[in-house]
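As a plain string of letters, each chain reads:
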Amino acid sequence: VLNVKGEEGSDIMFSTTPQLEYVNERKNFSFNTIYKLKSVNFVKNSQQNFITHNAGVGFGIAFSEKGTLSVADSLTYTPDSFSVGAVSDLQLQNQRSDILANSFTAGLTYDAGANTFLSLTFIDNLLDFQDPTFSDTRTDSVTSSIGYNWSAGTSLSASYTYTKIS
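Residues numbered from 1 in each chain as written. Predicted model: local features only at pLDDT ≥ 70, side-chain atom pairs only at ≥ 80, totals over all residues. Heavy atoms only, no water.

Peer 1: Which residues make up the overall build of the protein, and what values go with them?
Peer 2: Across its full length, the protein carries zero helices and nine strands. Taking all 166 residues of the protein together, the buried fraction comes to 21%. For the protein, contacts bridging at least 24 residues in sequence account for 42% of all contacts bridging at least 6. Per element, the accessible surface of the protein, about 11600 Å² overall, is 57% carbon and sulfur. (Helix = DSSP H or I, 4+ residues; strand = E, 2+ residues; numbered from the N terminus. Buried < 20%, exposed > 50% of the residue type's maximum accessible area, 1.4 Å probe, protein only. Contact = heavy atoms within 4.5 Å. Areas by Shrake-Rupley, 256 points an atom, 1.4 Å probe, with all protein chains shown as cover.)

Here it is, written out as structure tokens:
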């Protein structure tokens with residue numbers, strides 16, 4: 001239920017996300033692909049309805065008994081998305097714009113022995129608006145982690161992340 005200040009009543013929002021996924025896992029290699037279609041629908045304010053397409057691919061490979069490399073990429077396209085724009089006269093301006101988002105991730109994990117692991121992850125995110133009044137954004141992050149596995153489902157880790165937004 002959505003209640004917008006300044007507008008009478010409320011609205012009900014429904015979201016549906018069907019997806020197709022393929023996963024192939026082997027001893028030293030994994031591969032997966034996915035496609036999702038997300039539909040967001042409002043009962044009273046149907047002009048705010050939108051859909052999002054998301055496609056992704058990823059793979060992982062064990063390059064030694066102790067080390068793995070993983071790489072993934074995800075592309076999301078939202079045509080005619082409802083977006084909040086710039087503040088003008090202390091009011092938010094709402095408008096629609098196509099949005100293209102891309103996320104690339106690469107990571108290394110190393111089993112240091114005695115239930116301890118080390119990891120290094122790089123993430124590059126890009127958000128591109130078709131409407132030139134919006135600011136496109138790129139975010140690059142690097143994360144290093146150290147962790148300890150007590151059991152198959154329990155671990156403790158510490159991480160440091162550096163992020164640059166441009």
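Peer 1: Talk me through the packing of aromatic side chains; I want residue IDs and the actual numbers.
Peer 2: Two measures describe an aromatic ring pair: the distance that separates the ring centres and the angle between the ring planes. Applying the stated criterion to the full structure yields three aromatic pairs. A ring pair is formed by Phe-29 and Phe-59, whose centres lie 6.4 Å apart and whose planes are at 25°; its orientation type is stacked. Taken together, the positions of Phe-29 in strand β3 (residues 29-42) and Phe-59 in strand β4 (residues 50-62) put the pair 30 residues apart, joining distant regions of the chain. On the basis of relative accessibility, which here comes to 35%, the residue Phe-29 falls in the partly exposed class. (Phe/Tyr/Trp six-rings, centres within 6.5 Å; stacked < 30°, edge-to-face > 60°.)

Peer 1: Explain the pairing of strand β2 (residues 19-25) residue by residue, including any values.
Peer 2: Strand direction decides the pairing type here: β2 and β3, joined by seven bridges, are antiparallel. The residue of β3 that forms the bridge with Glu-25 is Ser-30. Once β2 ends, the chain turns through three residues before running back antiparallel as β3. (Pairing = 2+ DSSP bridges.)

Peer 1: Could you give me a rundown of the environment of Leu-156, with the residues and numbers involved?
Peer 2: Locating Leu-156 in the fold gives a position in strand β9 (residues 154-165). The class for Leu-156 is exposed, based on a relative accessible area of 51%. Put simply, Leu-156 and Ile-146 are 10 residues apart on the chain and 8.6 Å apart in space, counted from C-alpha to C-alpha. Not counting the four nearest positions on each side in its chain, Leu-156 is found in contact with Ile-146, Gly-147, Tyr-148 and Trp-150.

Peer 1: Please provide a residue-by-residue account of the pattern of salt bridges, values included.
Peer 2: Scanning the entire structure with this criterion turns up two salt bridges. For Asp-124, the salt bridge identified is with Arg-138, shortest N-O distance 2.8 Å. Note that Asp-124 is positioned in strand β7 (residues 116-129) and Arg-138 in strand β8 (residues 137-151), a separation of 14 residues in sequence. For Arg-138, a relative accessible area of 39% translates into the label partly exposed. (Salt bridge = Lys/Arg side-chain N within 4 Å of Asp/Glu carboxyl O.)

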